[in-house]
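Single-letter residue listing:
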Amino acid sequence: MQKRSQKTQGIVYVLIAAFGFSLMSMFVKLAGDLPSFEKAFFRNFVALIFIVILMLRSRTSFRPERRNLPALFGRCFFGTLGLLCNFYAICRLNLPDANMLNKLSPFFAIVFSIFLLREKPNLVQVLGVLVAFGGSVCIIKPSFDNPQTLPALAGALGGLGAGAAYTFVRYLGARGENGSRIVFYFSAFSCLACLPFLLLDYAPMSARQLVYLLLAGVFACVGQLGITKAYVCAPAKEISVYDYTQVLYAAALGFFVFGEVPDWLSVLGYVLICGAGVGMFLYNRRHDAAHP
């Protein structure tokens, strides 16, 4: 019963996170042609203020256990890498394309779980990863003549960074690290990493752009807290399928806000990636029912 309760909580947190991240993507794109480092700084600065207030109110200690420091650094480094690549892709691709490439993160999480969590993938998971990567090729459309190839590759790299970061979150959760503290250190690390580039290449922004970035930060915080709590509650293989609702939100926002319509190859890529995720979820549920 406790396991099912934890899984249910994880699903709810994933759905909340997906909604928050989709709105974050929309506001990042609405902010226009600003450097990714600048967008990332303001996005995480808002999240940093929010999480500090939350931790002070709940009297959560800012001091992590020393044994968790290497994993915290891994979460911060790969999370920042994934964030910067994702922002670069969002501003240069259709919104659903950028979000779908970022949704490769659960498949990368399976790969990284082999090394961090010593979880050996089964044949279904291996096939799922291969199908998902095949779907990413449909979205990326690699070609020297395609100007969107580089942003699409950056989007895939963003998915890799996010997958590694979420694996570290799962690892930290298993070691008893507080979820809010994980978000705090990620936000602080990202701000410090982006600050030198922000100072060297600051692009003046309008009041509207600033508001958009602040709103992106607010909804990013909703998404970050949601996904962190989700992966602390339950393993990625049990709840990650629900993260694909973000693509549905992004497709709707892309169409109604930006008038974006993906081409048939991108849609095929969505089907392959989402299909792989749903297939693995159904397999895991059947396997768990057969081996309680």
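Residues numbered from 1 in each chain as written. Predicted model: local features only at pLDDT ≥ 70, side-chain atom pairs only at ≥ 80, totals over all residues. Heavy atoms only, no water.

Caption draft 1: Molecular detail of helix α7 (residues 149–174). When the terminal C-alpha atoms of α7 are compared, their 38 Å separation across 26 residues agrees well with the 38 Å that a helix rising 1.5 Å per residue should span. By the criterion of burial, α7 is predominantly enclosed, with 19 of the 26 residues buried. After α7 finishes, the residue Gly-176 shows a positive phi value of roughly 85°. (Helix = DSSP H or I, 4+ residues; strand = E, 2+ residues; numbered from the N terminus. Expected span 1.5 Å × (residues − 1). Buried < 20%, exposed > 50% of the residue type's maximum accessible area, 1.4 Å probe, protein only.)

Caption draft 2: Molecular detail of the packing of aromatic side chains. According to the stated counting rule, one finds 15 aromatic pairs in the structure shown. Here Phe-41 and Phe-42 contribute two aromatic rings whose centre-to-centre distance is 5.6 Å and whose plane-to-plane angle is 90°, an arrangement assigned as edge-to-face. By relative accessible area, which is 13% here, Phe-41 ends up buried. You can call Phe-42 buried: its relative accessible area is 16%. Here the aromatic cluster, defined as three or more aromatic residues joined through ring pairs, consists of Phe-73, Phe-77, Phe-78, Phe-112, Phe-168 and Phe-189. Sitting over the face of the ring of Phe-258, Lys-29 holds its NZ or CZ atom 5.7 Å from the ring centroid. One cation-aromatic arrangement involves Arg-75 over Phe-186; the distance from NZ or CZ to the ring centre is 4.2 Å. (Phe/Tyr/Trp six-rings, centres within 6.5 Å; stacked < 30°, edge-to-face > 60°. Lys NZ or Arg CZ within 6 Å of the ring centre and 35° of its normal.)

Honestly, it's all geometry; don't read function into it.
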